[in-house]
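# Report on the structure
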Amino acid sequence: MKATRSELAPYLLSAPAVLLFAVMLATPLAATALLSLHSFGMYKGIQDVYRLDNYRDIFSDSYFYEIFGRTFRLALIVTGLAIVIGAPEAHILNRMRKPWRGIFLLVVLGPLLISVVSRTLGWALLFGSTGLVNQGLQSLGLIAAPLQFMYSETGMVIALTHVLAPFMVISVWASLQRLDPQIENAAVSLGAPGATVLRRIVLPQVMPGVLSGSIIVFALAASAFATPAIIGGRRLKVVSTLVYDEFLNTLNWPLGAALAVLLVLANVAIIVGCNRLVERRYAEVFQ
Amino acid sequence: MSRNGPLALLFHALFIAFSVAPIAIVCAVAFTPEGYLSLPTRGLSLRWFRAIADNPDFVDAFWTSLWLGALSATLAIAVSVPSALALARYRFVGREALAAILQSPLMIPQVVFGIAFLRFFTETGLGGTFAGLVLGHVVIVMPFALRLVLTAATGLEREIEHAAISLGASAWRTFRRVTLPMILPGLASGWVLAFITSFDEVTMTVFIASPRTTTLPVRLFLYIQDNIDPLVAAVSAALIGLTVAAMVVLDRLYGLERLLVGEGRR
Amino acid sequence: MAFLVLDRLSKRYGETVAVDQLSLAVEKGEFVTLLGPSGCGKTTTLLMIAGFVEPSSGAITLDAADLLATPPRRRGLGIVFQSYALFPHMTVAENVAFGLEMQGVARAEREKRVREALALVGLAAFAERFPRKMSGGQQQRVALARALVIRPRVLLLDEPLSNLDAKLREEMQLELRQIQRSVHITAILVTHDQTEAMALSDRIVVMNKGKAEQIASPDVAYEAPASPFVASFLGKTNVLPADVRAAGEEAAVTVGGAVWRTAAGVPSGAASVSVRPERISFAAEGGLGGIVRRASFHGAQWLLLVETAAGVVTVIRQNSGGPLPKEGEQVALSWRAEDMRVTAGSGE
């Protein structure tokens, strides 16, 4: 009898969480998937049928292609930029001595704890024809007339990069922490110049960090809502803001649900798929 | 390890400027003495901070966010602790699956949560209620709470609990007198991280909040969509100040690096 | 009837047998050690007595009552864990008082008994200290006090001294034995250190691969090992090939050319002989011939490796100041017939 009691223990212990998730996670998501199969009419409202019409509409309408295309294009650019500025920054931070390293790490990662809305507000203030960015560029003589940042893809990219770059820094930083500094020293003692050490020794070992950081940044960028909503405005939609529109403005919930389902599937596919790739590729390197 | 050269330091300075700029500008604009969007070139003023008090919407939303954060964090921790103990102590069928499921909210876009909960709450009559907000937030912040509680639980030495049992303590007394005090630091940090995550949450909340029961980030978000003025900058600046204070507390309690990056320093 | 009885206790993990039909009867007040290499099942046995591991089969009775039917927290056993397992967030006094609290002992009585227990282990001045501010040896004594203060029926010790340095270990061994004797408590110790086992115990259970190879007092186990494993685990021994010719009541055992006469017991044919290095002496003539290959000095002893026709023989001689052969010298090794154990077959 004692044996069964301790066998049951883990199941009893995890019951509250499982219950919570069954009710609050599985059910709503399943219901959403079902919702995406319903149809909607302006006067009929949501109809309890099961058809793939919404999906067919999405795949056949160029409007949706444009939005999905923009979403993933932006996500890709943001990821690229995050790598370009985030990875070197992590490396530079890693080479600092205390207390600078700790202080700057706080400065770089701290913004993650500040609401997206506040951070994006800052960009909204900086952009705009009389915003600081334009004023600065004009006074430096780089441009003649103010550039359009607000309500532009460029602005969205810049703001999203700002919001998501810290995730890249975290990921690369974490893999740098696992490096044995003696390996770098070994390379130097064997006569390798700095750049070569970076390229042939450090970079390959940091790759997994860069890759998993990219997965996180891409997934978050593709699902981003608040930043594209504020900077992109009503004209430049991404999938998330489109879903918002369908749900709260047009009230075509089934279509919104279908878009959401596609977004989830794309997200999960990217995260799980790329993670597997990274693990397989780098499993040999790290036992 | 080689030092950073001047080029690297320049890059670093630019990165820091990039990171800090939007936050700095929000704080700067918040102190403007003018009645419109401008930098405080003529001196600093607290007029916009005072104006917050005249805007009950923001103040109410702040309290809602506060209570919501506290409740969600507490519930998330309460549910996380037994799960963390189960995961840390036992090898059982379904362990990997459980861990994956409990971390799964991180993989689902916030928007999707938003609409899923919207539909779910509408059907169950919780639409626009505070209870609905709490439930939604608990699910979202659970992975963060769980991660920290799990780290603490995994670090527990089983022998210490065995010692307590051998001295006559029941399972509950062992938990209360021995296990709980030992994982308390992890619990506290998990709570704080969950609180901050809930407090900042906007995307999902935008869907399930109602005009009466809304959180501060959502209120800010909706306000910004219509117009941007120093008032909203002041509110944000106040929030940023509170967040920085929380960050310092968190760093002292637990270590911000450990919190955000995880253990692993050689 | 014995106080603590293990009856054919077994533990299986899938295909692996951790403990195999272990039977042991411990008298009240006895100090018994479970001795063996890692993986031999000694700790598993202790955990089964403590109640943290379920036996696959077999029974454990304590004071004629079925121990397995009692949950661990009601078994009334005092346990000293290898890692000491002190409660880090409680002071020494609170640690020691914990068991009494669980028993519902009143505060005044509790404080008195905690004081006594701390005095017993020599830590009276450390009552308000926290474990992390104490050395390994001190923590170990707190663990001991905590286990003893509840007046357990049996004291279980899981390699309690293995984290201490050599000198401290020896001191603690003596103290442990003294405390156990003064409190008259039945104790079961688990260790892989054979000197510790021999120094502390009334009886030793030598375990190998889940089985008890011998249960005997230290001197008996040492002088009359029941198996080659026991012979080689307790102290050093030489195992040499031999040839036996039995004739009626006597047998002639030939090792590398030298002959010993013993009582019959082993059939004629190939055999192996085990003899302790310290029982071998250098004869003027006769005996097993050989050349000294190495002589190393160990303070109180000399260790000599002698190459003979029967293989390399280890000889240990006291550093009593007398003459000893040097490296390269021709010598003849001899020993008394009764100092030699003969086993049939080629041995392991």
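Scoring rules and cut-offs
Residues numbered from 1 in each chain as written. Chains lettered and ligands numbered in written order. Predicted model: local features only at pLDDT ≥ 70, side-chain atom pairs only at ≥ 80, totals over all residues. Helix = DSSP H or I, 4+ residues; strand = E, 2+ residues; numbered from the N terminus. Buried ≥ 20, exposed ≤ 12 C-beta atoms within 10 Å, placed from the backbone. Contact = placed C-beta atoms within 7 Å. Axes fitted to C-alpha atoms, helices over the stretch in contact; angles between N-to-C directions. Parallel < 35°, antiparallel > 145°, perpendicular 65-115°, else oblique. Left-handed = near helix turned anticlockwise from the far one by under 90°. Domains from an automatic or database assignment. Pairing = 2+ DSSP bridges. Core = buried A, V, L, I, M, F, W, Y, C linked by C-beta atoms within 7 Å. Nonpolar A, V, L, I, M, F, W, Y, C, P; charged D, E, K, R; others polar. Arc of directions from axis to C-beta. pLDDT = per-residue confidence, 0-100.

### A few points about the overall build of chain C
Along chain C, the regular secondary structure elements total eight helices and 20 strands. By the burial criterion, 41% of the 348 residues in chain C qualify as buried. Contacts in chain C between residues far apart in sequence, at least 24 positions, make up 64% of those at least 6 positions apart.

### Quick look at the overall build of chain B
Looking only at helices and strands, one finds 12 helices and zero strands in chain B. For chain B, the sequential pattern of α-helices and β-strands runs α-α-α-α-α-α-α-α-α-α-α-α. Oriented by its inertia axes, the alpha-carbon framework of chain B measures out at about 70 × 60 × 30 Å. Scored against the burial criterion, the 266 residues of chain B give a buried share of 49%. Taking the intrachain contacts of chain B between residues at least 6 apart in sequence as the baseline, contacts between residues at least 24 apart amount to 75%.

### Brief notes about the packing of helix α2 (residues 92–103) of chain C against helix α4 (residues 136–148) of chain C
Residue and element names in this part refer to chain C. Packing of α2 against α4 leaves a shortest axis separation of 7 Å and a crossing angle of 30 degrees. Of the possible angle classes, the one that applies to α2 and α4 is roughly parallel. Regarding α2 and α4, the two cross each other, and that crossing is right-handed. Residues Val-92, Asn-95, Val-96, Phe-98 and Gly-99 of α2 touch α4, and the partners they reach there are Val-142, Ala-145 and Arg-146.

### Some thoughts on the domain arrangement of chain C
For chain C, the assigned domains read domain 1 (4–232) and domain 2 (238–344). Computed over C-alpha atoms only, the centres of domain 1 of chain C and domain 2 of chain C are separated by 39 Å.

### Here we look at the sheet that holds strand β20 (residues 340–344) of chain C
Residues and elements named next belong to chain C. Taking strand neighbours across the sheet as the criterion, the five strands line up as β13-β12-β11-β14-β20 in an open arrangement whose pairing is antiparallel. Strands at the two margins of the open sheet, each flanked by one partner only, are β13 (258–263) and β20. Between one strand axis and the next, the sheet turns by 35 degrees as a mean value, whatever way the strands run. Bridge count for strand β12 (residues 250–255) against β13 is six bridges, and the pairing is antiparallel. Note that in β13 the partner of Ala-251 across the bridge is Thr-262.

### Describing the nonpolar core
One finds Ala221(A), Val26(B), Ala145(B) and Val149(B) to be the most contacted residues of the largest nonpolar core, which totals 161 residues. With 16 residues, the top contributor of residues to this core is helix α7 (residues 153–177) of chain A. If sequence neighbours within four positions are ignored, Ala221(A) has contacts with Leu74(A), Ala75(A), Val78(A), Thr79(A), Leu160(A) and Leu164(A). Phe31(C), Phe87(C), Val230(C) and Ala231(C) belong to the second-largest nonpolar core, a separate cluster that totals 80 residues.

### Looking at the interface of chain A and chain B
Tallying the contact residues gives 71 residues for chain A and 70 residues for chain B. The element that contributes the greatest number of residues to the side of chain A that touches chain B is helix α1 (residues 2–35) of chain A, accounting for 16 residues. Its residues placed into classes, the side of chain A that touches chain B shows 52 nonpolar, 14 polar and five charged.

### A look at the sheet that holds strand β7 (residues 154–158) of chain C
All names here are of chain C. One open sheet accounts for six strands, arranged β6-β7-β8-β3-β9-β10; its pairing is mixed. Strand pairing shows two members of the sheet lacking a second neighbour, β6 (77–80) and β10 (211–216), which therefore form its edges. Averaged over all pairs of adjacent strands, the angle between strand axes in this sheet comes to 15 degrees, irrespective of strand direction. Of the pairings in the sheet, the one linking strand β3 (residues 31–35) to strand β8 (residues 186–191) comprises five bridges and is parallel in character. Within the sheet, the bridge partner assigned to Leu-35 lies in β8 and is Thr-191.

### Some points on the environment of Ile204(C)
Residue and element names in this part refer to chain C. Residue placement: Ile-204 occurs in strand β9 (residues 203–208). Each C-alpha atom of the pair Ile-204 and Gln-194 lies 9.4 Å from the other, and the pair is 10 residues apart in sequence. With sequence-adjacent residues up to four places away left out, Ile-204 is seen in contact with Thr-33, Leu-35, Ala-197, Ala-216, Pro-218 and Ala-221.

### What about unusual backbone geometry?
All names here are of chain A. Residue Pro-99 is reached from Lys-98 by a cis peptide bond, and omega for that bond is 0 degrees. Looking at the element boundaries, Pro-99 is found in the loop between α3 (62–94) and α4 (100–109). Positive phi, close to 55 degrees, is recorded for Tyr-151, a residue that is not glycine. As for its placement among the helices and strands, Tyr-151 is situated in the loop between α6 (132–139) and α7.

### Quick word on α4(A)
An α-helical segment advances 3.6 residues per turn. Residues three or four places apart therefore align on the same side. Residues and elements named next belong to chain A. Taken together, the buried positions of α4 are occupied by Leu-105, Val-108 and Leu-109. In a view along the axis of α4, the buried residues occupy a sector of 85 degrees, so they form one face of it. In α4, the exposed positions angled more than 90 degrees off the buried face are occupied by Trp-100 and Ile-103.

### Topic: the packing of helix α1 (residues 6–30) of chain B against helix α11 (residues 230–253) of chain B
All names here are of chain B. Packing of α1 against α11 brings their axes to within 8 Å, and their N-to-C directions diverge by 120 degrees. Compared by their axis directions, α1 and α11 come out oblique. When you trace α1 past α11, the crossing you get is left-handed. Each of Ile-23, Val-26, Cys-27, Val-29 and Ala-30 in α1 lies in contact with α11, whose residues at this interface are Pro-230, Ala-233, Ala-234, Ser-236, Ala-237 and Ile-240. Tallied by class, residues from the contact of α1 with α11 come to 10 nonpolar, one polar and no charged.

### Brief notes about the confidence of the model for chain B
Per-residue pLDDT for chain B has a mean of 87; in total, 97% of the residues score no lower than 70. Averaged pLDDT values over the elements of chain B bottom out at 72 in helix α12 (residues 256–261) of chain B and peak at 93 in helix α3 (residues 56–89) of chain B.

### A closer look at the environment of Val306(C)
The topology assignment puts Val306(C) in strand β17 (residues 301–308). On the neighbour-count criterion, Val306(C) (26 C-beta atoms within 10 Å) is buried.

### A short note on the pairing of β6(C)
All names here are of chain C. Alternating positions in β6 separate into two faces, Leu-77 and Ile-79 on one and Gly-78 and Val-80 on the other, with burial throughout. Note that β6 and β7 share four bridges and pair parallel. When the bridges of β7 are listed, Leu-77 appears paired with Val-154.

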